[in-house]
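Examination of the molecular architecture
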Amino acid sequence: MRDPRLLAKPPVCRLGCLALVRNPRGDVLLVDPDYMDGMILPGGAAQPNEPPNLAAARRLLAETGLNLRLADVLAVDFTPADRYLERLNLVFDGGTVRDDTRLTVPPRHRSGLFGARFVPAHELPDVMAPAQAARAAEALANRAVPLLLHGQRSS
């Protein structure tokens, strides 16, 4: 039985769903948003009841034109509440794409992005905010673990 007090005011936590995509040299795909300083991993917030791997894949496709299957989690990052709400960010393994893979970033007025590009891993601290770079570095260093959706593997 569910406690009606929990349903009356559910906790607010945004679920950020990000993708770590590399090229054959190990460079990391980043997007350059116009709403913050520095580059970030592609991705964004999940919609209500949207599985996080599908949210990450949806956002990756919208931001870069890459249509990848994402199932394994490389990092989980909790960000305490700031002006709005706390965030739980999941970084999914997007694998390696070929060098000739074409990125398609929508125009800035639609996407909020200046562009996207692959950045060498050792340069991430130079182009990302410290917390963003640390998140990407952890994802690069970790072994993928499966995402479970209601107890079942998402793949």
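Small disclaimer: the values here were computed from a predicted structure and weren't measured.

Relative to the 18 Å expected for 13 residues at 1.5 Å per residue, helix α2 (residues 52-64) spans 18 Å between its end C-alpha atoms, a close match to the ideal helical length. Restricting attention to buried positions, one finds in α2 the residues P52, N53, A55, A56, A57, L60, E63 and T64. Of the residues one or two after α2, G65 is the one with positive phi, at around 80°.

On to the nonpolar core. Formed by 17 residues in total, the largest nonpolar core has its most connected members in V21, L29, L60, L70 and F92. Residue assignment for this core shows that the elements contributing at least two residues are β1 (13-22), α2 and β5 (86-96). Aside from chain neighbours lying at most four places away, what touches F92 is L18, A19, L20, P52, N53, A56, L70, A71, D72, V73, L74 and L147. With 16 residues, the next largest nonpolar core counts L41, V119, A136 and A139 among its residues.

Attention now goes to unusual backbone geometry. Despite not being glycine, N49 has its phi angle at roughly 65°, a positive value. Take N49: it is sitting in the loop between β3 (43-45) and α2. The class of N49 is exposed, set by a relative accessible area of 83%.

Further remarks concern the side chain of T64. By the secondary structure assignment, T64 is in helix α2. Since its relative accessible area comes to 0%, T64 is described here as buried. Only 3.2 Å separates the side chain of T64 from the backbone nitrogen of L66, close enough to count as a polar contact. Each residue touching T64, except ones within four places of it in the same chain, is listed here: L29, V31, P42, R102, L103, T104 and A116.

Relative to the helices and strands, T101 resides in the loop between β5 and α3 (108-111). Classification of T101 as partly exposed rests on a relative accessible area of 26%. Between the C-alpha atom of T101 and that of G65, which follows or precedes it by 36 residues, the distance is 9.9 Å. Side-chain polar atoms of T101 contact the backbone oxygen of R98, separated by 2.8 Å.

In this section: the environment of A57. Within the secondary structure, A57 is located in helix α2. We classify A57 as buried; its relative accessible area is 15%. Considered as a pair, A57 and R69 are 12 residues apart in the sequence and their alpha carbons are 6.7 Å apart. Beyond its immediate sequence surroundings of up to four residues, A57 is in contact with L68 and L70.

In a regular helix each residue adds 1.5 Å, so 12 residues correspond to 16 Å; helix α5 (residues 130-141) covers 16 Å between its end C-alpha atoms and thus fits that length. All of the buried residues along α5 are Q132, A133, R135, A136 and A139. Mapping the buried residues of α5 onto a view down its axis gives an arc of 160°, with all of them on the same face. Projecting away from the buried face of α5 at angles above 90 degrees are the exposed residues P130, A131 and A141.

Analysis parameters
Residues numbered from 1 in each chain as written. Predicted model: local features only at pLDDT ≥ 70, side-chain atom pairs only at ≥ 80, totals over all residues. Heavy atoms only, no water. Helix = DSSP H or I, 4+ residues; strand = E, 2+ residues; numbered from the N terminus. Expected span 1.5 Å × (residues − 1). Buried < 20%, exposed > 50% of the residue type's maximum accessible area, 1.4 Å probe, protein only. Core = buried A, V, L, I, M, F, W, Y, C linked by side-chain atoms within 4.5 Å. Contact = heavy atoms within 4.5 Å. Polar contact = N/O pair within 3.5 Å; in protein donor to acceptor, adjacent residues only side chain to side chain. Arc of directions from axis to C-beta.

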